[in-house]
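Residue-level structure breakdown
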Amino acid sequence: MVVLVALGVFVLLEMAEGDAVDAYLAGLGAAGDPEFTANLRAQFGIDDSLGGRFFTYFVRLIQFDLGYSVAFSRDVSGVILERLPNTALLMMSAIFLSAALGMLLGGIAAVTRGGPTDAAITVGALIFNAMPGFWLGLMGIIVFAVKLRWFPIGGMSTLDANLSPIGATLDVARHLVLPVTTLALTYLALYVRLMRGAMISAATSGWVLAARARGVPALAITLRHMARPALLPVVTMIGLQSGALLGGSVVIETVFSIPGLGSLAFEAVTQRDLPLLAGILLAGTLMVVVANIAIDLAYGALDPRVGFANDREP
Amino acid sequence: MNRNSALTLGGVVGIVILALIVLAAMFAAVVTPGDPLNMVGRPLTPPFTDARFPLGTDQLGRDVLAGLLYGARVSLGVGVAAAAAAIIVGMVVGTVAGFSARVVDDVLMRITEAFQTVPTFLLALALVSVLGASASNVVLAIAISSWPPTARLVRAEVLRLRNADYVDAARLSGRTALAIAFLELLPGAVQPVIALVGITVGEAILVESALAFLGLSDPNLTSWGAMVADGRALLRNAPFLVVFPGVAIAGAVLAVTLTGDALAARLRIGGYR
């Protein structure tokens with residue numbers, strides 16, 4: 001899978017007019033001297049035939065060598081690794097907040113089906129879903145950072161503060177409240193819809209009827225017999241959504257000036273740094289693959305019917 | 001029953017908002033003649049103070065209302081065109097994959113999964129920056145990055161239908177494989193795709209606005225996302241420059257989603273299921 005994506009990224013790079021050398025020369029303001037240009041091309045490994053170029057690219061990829069970033073004058077992989085933790089933190093917090101809030105609200109909506117609470121939750125989630133993330137973020141900045149001054153406007157941490165480890169953690173958390181909430185709210189509707197639907201379909205199932213007949217308390221039925229089976233489709237959705245969430249974080253990181261992969265992608269675009277952009281695409285894909293493997297493993301814990309192939313006979 | 005009436009209420013709201021936006025796009029030149037990118041008034045006129053500029057002007061003296069009306073053309077146009085292209089590509093790939101031999105199916109599905117693994121917005125961003133920021137390239141980029149869900153859905157439906165009696169009948173009557181795939185199987189698989197239309201168009205509008213917000217849109221066209229980006233610098237002093245276009249985007253996406261839902265629900269009730 002990752003190999004296929006790498007091939008696609010390579011095609012994308014080939015499609016681009018001009019290569020890294022052109023960009024580098026333009027940056028130097030020194031176009032002309034053909035010998036210098038040819039030397040640079042050889043140094044960057046881009047003077048071979050198409051097949052040769054792909055081979056070079058691939059061999060380097062396996063060694064985690066993503067090429068040289070012209071904009072940062074450093075190795076692409078170095079720049080990406082430096083930014084990756086911030087994005088991972090933002091994404092994971094947003095996924096958990098979005099899924100948890102979505103499950104809670106979806107559950108409440110399912111229990112109060114047809115009532116005003118249900119309508120309010122469903123409509124509210126739909127409206128947030130329709131809002132572009134960058135705009136919701138800017139609105140959040142106006143209200144909570146500019147007017148109320150509850151949270152900082154952007155960044156990942158206070159720059160010149162000399163804080164203890166606990167203070168520094170709290171500082172980062174304070175900076176992340178707005179971006180994480182923004183990102184989570186725009187993806188909330190999916191989880192609300194899914195949870196509500198799954199719980200309503202579980203409510204009409206035979207096992208819920210049986211539990212009710214046994215005299216199991218209503219709350220226990222809701223939690224154990226309706227909410228638990230409804231978790232599976234929600235968890236599946238988390239895996240499917242991780243890619244979309246990563247895409248959303250490009251814009252959110254730009255709005256809140258968080259130094260992560262997303263704002264890096266934006267910088268790569270504005271500086272026309274294609275090796276960097278390609279590296280970010282690959283890193284993003286890798287993150288999605290890892291997230292999905294983690295989700296597959298989580299299945300086993302949630303659903304006793306799912307296990308490793310050699311766990312037991314069916 | 002209550003649920004049904006709520007659905008139609010949502011549908012009605014969606015269709016009304018959508019109709020208003022379509023009207024705005026159609027009559028933009030009548031309501032606010034002239035190029036919306038021209039300077040027409042004193043910069044930063046607040047909204048609701050000057051009858052000539054009901055929604056105020058931005059820092060370059062451009063009429064905000066005109067920008068919104070013309071922006072409707074770009075957002076709806078790009079959104080619908082990109083979604084249509086994505087759905088057509090998805091239907092063709094899905095039909096071919098579902099109907100062809102195992103090998104072709106496997107190859108096509110691996111490609112589909114590869115496209116699905118790459119974060120959609122990152123892919124669109126990379127494509128536009130490689131191809132150049134023009135309206136047609138934005139459509140192309142969104143289409144390329146958002147066809148996989150349709151393809152998977154259509155493939156699943158075609159797989160379900162390929163052994164149906166009427167398909168066997170068509171095979172016996174000597175129709176070519178191509179005709180069976182696209183004239184017999186595809187129409188049967190269209191119904192679930194309808195449910196995706198609203199979501200796909202809404203997503204396309206959101207991606208377009210986000211690209212425009214990041215500066216990757218046609219510089220000669222007014223776009224809601226670009227208006228938000230322009231107003232961002234004046235967030236403290238003139239928040240209306242950011243608020244209005246954002247409301248427009250959210251309204252358009254909401255309208256398209258609700259209309260799509262209503263359409264899907266209508267078909268499900270009227271259909272054979």
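Nothing here was measured: the structure is a model prediction, and the numbers come from that model.

Analysis parameters
- Residues numbered from 1 in each chain as written.
- Chains lettered and ligands numbered in written order.
- Predicted model: local features only at pLDDT ≥ 70, side-chain atom pairs only at ≥ 80, totals over all residues.
- Helix = DSSP H or I, 4+ residues; strand = E, 2+ residues; numbered from the N terminus.
- Buried ≥ 20, exposed ≤ 12 C-beta atoms within 10 Å, placed from the backbone.
- Contact = placed C-beta atoms within 7 Å.
- Nonpolar A, V, L, I, M, F, W, Y, C, P; charged D, E, K, R; others polar.
- Core = buried A, V, L, I, M, F, W, Y, C linked by C-beta atoms within 7 Å.
- pLDDT = per-residue confidence, 0-100.
- Axes fitted to C-alpha atoms, helices over the stretch in contact; angles between N-to-C directions.
- Left-handed = near helix turned anticlockwise from the far one by under 90°.
- Parallel < 35°, antiparallel > 145°, perpendicular 65-115°, else oblique.

1. A few points about the overall build of chain A
- Assigned secondary structure in chain A consists of 13 helices and two strands.
- Across the 314 residues of chain A, 38% fall into the buried class.
- If you take every contact in chain A between residues at least 6 apart in sequence, the share linking residues at least 24 apart comes to 71%.

2. Details of the overall build of chain B
- Counting secondary structure elements, chain B contains 11 helices and zero strands.
- Along its sequence from the N terminus, chain B presents helices and strands in the succession α-α-α-α-α-α-α-α-α-α-α.
- Here the contacts in chain B between residues at least 6 apart in sequence split such that 70% fall between residues at least 24 apart.

3. Describing helix α12 (residues 261-270) of chain A
- Most of α12(A) is tucked away: nine of the 10 residues are buried.
- Among the residues of α12(A), Leu261(A), Gly262(A), Ser263(A), Leu264(A), Ala265(A), Phe266(A), Glu267(A), Ala268(A) and Val269(A) are the ones counted as buried.
- Packed against the buried residues of α12(A) are α5 (76-111), α11 (218-255) and α13 (274-302) of chain A together with α5 (120-131) of chain B.
- At the exit of α12(A) stands Arg272(A), carrying a positive phi of roughly 55°.

4. Examining the interface of chain A and chain B
- Contacts between chain A and chain B engage 38 residues on the former and 37 residues on the latter.
- Of the residues forming the side of chain A that touches chain B, the biggest block, eight residues, is contributed by α11(A).
- Looking at the side of chain A that touches chain B, its residues break down into 30 nonpolar, eight polar and no charged.

5. Quick look at unusual backbone geometry
- Phi angles above zero are rare outside glycine, and Ser257(A) is one such case at about 40°.
- For Ser257(A), the location among the structural elements is in the loop between α11 and α12.

6. Comments concerning the nonpolar core
- Membership of the largest hydrophobic core comes to 148 residues, with the highest contact counts inside it found for Ala265(A), Ile280(A), Leu122(B) and Leu125(B).
- Not counting residues up to four positions away in its chain, the partners in contact with Leu122(B) are Leu246(A), Gly247(A), Val250(A), Ala265(A), Ile280(A), Leu281(A) and Gly284(A).

7. Digging into the environment of Ala298(A)
- By the element assignment, Ala298(A) lies in helix α13.
- C-alpha of Ala298(A) to C-alpha of Thr236(A): the two residues are 62 residues apart in sequence and 9.8 Å apart in space.

8. A word on the confidence of the model for chain A
- Taken over all residues, the pLDDT of chain A has a mean of 75, while the share at 70 or more is 70%.
- Scored below 50 in pLDDT, residues 310-314 of chain A shows zero contacts in the model against residues more than four places distant or in partner chains.

9. Things to note about the packing of α5(A) against α11(A)
All names here are of chain A.
- It is the contact of α5 with α11, at a shortest axis distance of 9 Å, that shows an interaxial angle of 145°. You can see that α5 and α11 cross each other, and the crossing is right-handed. Along its contact with α5, which presents Thr-87, Leu-90, Met-91, Ala-94, Ile-95, Ala-99, Met-103, Gly-107 and Val-111, the element α11 presents Thr-222, Ala-227, Val-234, Ile-238, Ser-242, Leu-245, Leu-246 and Ser-249.
- Tallied by class, residues from the contact of α5 with α11 come to 12 nonpolar, five polar and no charged.

10. Considering the environment of Thr259(B)
Residue and element names in this part refer to chain B.
- With respect to the secondary-structure elements, Thr-259 resides in helix α11 (residues 240-270).
- For Thr-259, a count of 24 C-beta atoms within 10 Å corresponds to the buried category.
- When the C-alpha atoms of Thr-259 and Val-16 are compared, they prove to be 9.2 Å apart, with 243 residues separating the residues in sequence.
- When neighbours within four sequence positions are excluded, Thr-259 is seen to be in contact with Gly-11, Gly-14, Ile-15, Leu-18 and Gly-198.

11. A closer look at the packing of α5(A) against α13(A)
Residues and elements named next belong to chain A.
- Contact geometry of α5 with α13 gives a least axis separation of 10 Å together with a crossing angle of 50°. One way to sum up the angle between α5 and α13 is to call them oblique. The handedness of the crossing between α5 and α13 comes out as right-handed. Here Val-76, Ser-77, Val-79, Ile-80 and Leu-84 of α5 come into contact with α13, specifically with Pro-275, Leu-276, Gly-279, Ile-280 and Ala-283.

12. A look at helix α6 (residues 135-145) of chain B
- All of the buried residues along α6(B) are Val138(B), Val139(B), Ala141(B), Ile142(B), Ala143(B) and Ser145(B).
- Each element contacted by the buried residues of α6(B) is listed here: α3 (64-99), α5 and α9 (177-213) of chain B.

13. Looking at the confidence of the model for chain B
All names here are of chain B.
- Of the residues in chain B, 88% have a pLDDT of 70 or more, and the chain-wide mean is 80.
- Helix α2 (residues 28-31) is the least confidently modelled element of chain B, averaging 71 in pLDDT, while α6 averages 88, the highest of any element.
- A low-confidence stretch, residues 1-6 (pLDDT under 50), is modelled with three contacts involving residues beyond four sequence positions or located in other chains.
- Interface confidence for the predicted complex, expressed as ipTM, amounts to 0.77; the pTM equals 0.80.

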